[in-house]
Amino acid sequence: MVKDAPNITKPRKTMQQAIGFNFYDVFVVGFCVIFALICFYPMWYVLVASVTPYEQFVKGGALLWPNGGVDFQYYRMIFENSSFVTSLWISAKTVLGTLLSVLVTSTMAYAVSKVYVPGMKLLNVLTVFTMFFAGGLIPTYMLYMEMKLIRTYWVMVLPYGLSITYFIIMRNYFSYSVPRELEDAARIDGAGVWRIWRQVTLPLCAPALATLAVTNFMDSWNDYLWPLLMLTDKAKMTLPIALS
């Protein structure tokens, strides 16, 4: 007798195999697109409103495109004001403080992350100690006055050279996200400390450095109290103070 062949059922096709997509992906993509438009429209509205003629703007309604042509009257009015241009230029110089912060924070965090080097643990404790116990506003002001930095541009750059918060973030990133084996391999190939930091460590830390640069730039750009106290000359005020 010939035995009957076993009944082999074919596996059930999924929705993606049957129609080429599934509704979950459609929902996720649609939600992301709608959320992106909601986030983008306020910025687009401000941009369109800034070049829309006043007669058209006061009519109200949703602005998707400049109605009645493009008018740069508001931009001409602003840039014809010399004090605004000066404040904008002074605030734009904060990029130097951002570069200084990225350089100092990354190098110091990289050094302190090497806990096997004698003295690094003590330096780490002393650095973090300043985050909880600071000198205070008045001693800080007196210090900068003795250094003759008050009412100068450098008082807006040097204090941003090292942020303890960003230092801790970068130190942990160097400690736990960069494999020590890569540094050992580079050291075997003859690379020195600076070359390892520049060609091995920094490329791996590009996302963290970009985040550090953006957040530090936004902090220095939007800072209101520090330039108000340190820059008593109205001609040297930053843009947030000039707009107020």
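Side note on the overall build of the protein chain
Of the regular secondary structure elements, the protein chain holds 14 helices and 0 strands. Mapped in sequence order, the helices and strands of the protein chain form the string α-α-α-α-α-α-α-α-α-α-α-α-α-α. Relative to its length of 244 residues, the protein chain is extended, with a C-alpha radius of gyration of 28 Å against a globular reference of 18 Å. Based on the C-alpha atoms only, the size of the protein chain along its principal axes is roughly 110 × 70 × 35 Å. Counting over 244 residues, the protein chain shows a buried share of 28%. Considering only contacts within the protein chain whose residues lie at least 6 apart along the sequence, 63% involve residues at least 24 apart. Total accessible area computed for the protein chain in this model is approximately 17,200 Å², and 70% of it derives from carbon and sulfur atoms. If the 18 positive side-chain charges of the protein chain are averaged to one point and the 13 negative ones to another, these points end up 5 Å apart.

Details of the nonpolar core
Met170, Phe174, Ile196 and Leu209 are the most contacted members of the largest nonpolar core, which totals 22 residues. Elements that contribute at least two residues to this core include exactly α6 (94-112), α9 (164-176), α11 (193-204) and α12 (206-222). When residues of this core are assigned to their parent elements, the largest contribution, 6 residues, is made by α9. If we ignore the near neighbours within four places in the chain, the residues touching Ile196 are Tyr110, Glu183, Ala186, Arg187, Ala191 and Thr201. One finds Tyr144, Val155, Leu231 and Ile241 within the second-largest nonpolar core, a separate group that totals 10 residues.

Describing the packing of α6 against α9
Direction vectors running N to C along α6 and α9 enclose 50°, while the axes themselves pass 8 Å from each other. By the angle between their directions, the pair α6 and α9 is classed as oblique. When you trace α6 past α9, the crossing you get is right-handed. The residues of α9 that touch α6, namely those facing Thr105, Ser106, Met108, Ala109, Tyr110 and Val112, are Tyr166, Phe167, Met170, Arg171 and Phe174. When grouped by side-chain class, the residues that make up the contact of α6 with α9 number 8 nonpolar, 2 polar and 1 charged.

Focus: the pattern of salt bridges
Summed over all chains, the structure comprises 3 salt bridges. The salt bridge partner of Arg76 is Asp71, with a shortest N-O separation of 3.6 Å. Residue class for Arg76 comes out partly exposed when judged on its relative accessible area of 46%. Residue classification places Asp71 among the partly exposed positions, given a relative accessible area of 21%.

Some words on the environment of Leu126
With respect to the secondary-structure elements, Leu126 resides in helix α7 (residues 120-132). Sequence spacing of Leu126 and Val28 is 98 residues, and the spatial spacing of their C-alpha atoms is 48 Å.

Details of the confidence of the model for the protein chain
Should the pLDDT be low somewhere, the predicted coordinates at that spot are not to be read in detail. Of all residues in the protein chain, 91% attain a pLDDT of 70 or more, and the chain-wide mean is 82. When pLDDT is averaged over each helix and strand of the protein chain, the minimum, 59, is found for helix α1 (residues 15-19) and the maximum, 90, for helix α2 (residues 23-50).

Regarding the side chain of Thr98
Residue position: Thr98 is located in helix α6. Of the residues examined, Thr98 reaches a relative accessible area of 6% and is grouped as buried. Once residues within four sequence positions are removed from consideration, Thr98 is found in contact with Ala213, Asn216, Phe217 and Ser220.

Rules of the game
- Residues numbered from 1 in each chain as written.
- Predicted model: local features only at pLDDT ≥ 70, side-chain atom pairs only at ≥ 80, totals over all residues.
- Heavy atoms only, no water.
- Helix = DSSP H or I, 4+ residues; strand = E, 2+ residues; numbered from the N terminus.
- Rg over C-alpha atoms; globule rule 2.2 N^0.38 Å.
- Buried < 20%, exposed > 50% of the residue type's maximum accessible area, 1.4 Å probe, protein only.
- Contact = heavy atoms within 4.5 Å.
- Areas by Shrake-Rupley, 256 points an atom, 1.4 Å probe, with all protein chains shown as cover.
- Lys, Arg positive; Asp, Glu negative; His and termini not counted.
- Charge placed at Lys NZ, Arg CZ, Asp CG, Glu CD.
- Core = buried A, V, L, I, M, F, W, Y, C linked by side-chain atoms within 4.5 Å.
- Axes fitted to C-alpha atoms, helices over the stretch in contact; angles between N-to-C directions.
- Parallel < 35°, antiparallel > 145°, perpendicular 65-115°, else oblique.
- Left-handed = near helix turned anticlockwise from the far one by under 90°.
- Nonpolar A, V, L, I, M, F, W, Y, C, P; charged D, E, K, R; others polar.
- Salt bridge = Lys/Arg side-chain N within 4 Å of Asp/Glu carboxyl O.
- pLDDT = per-residue confidence, 0-100.

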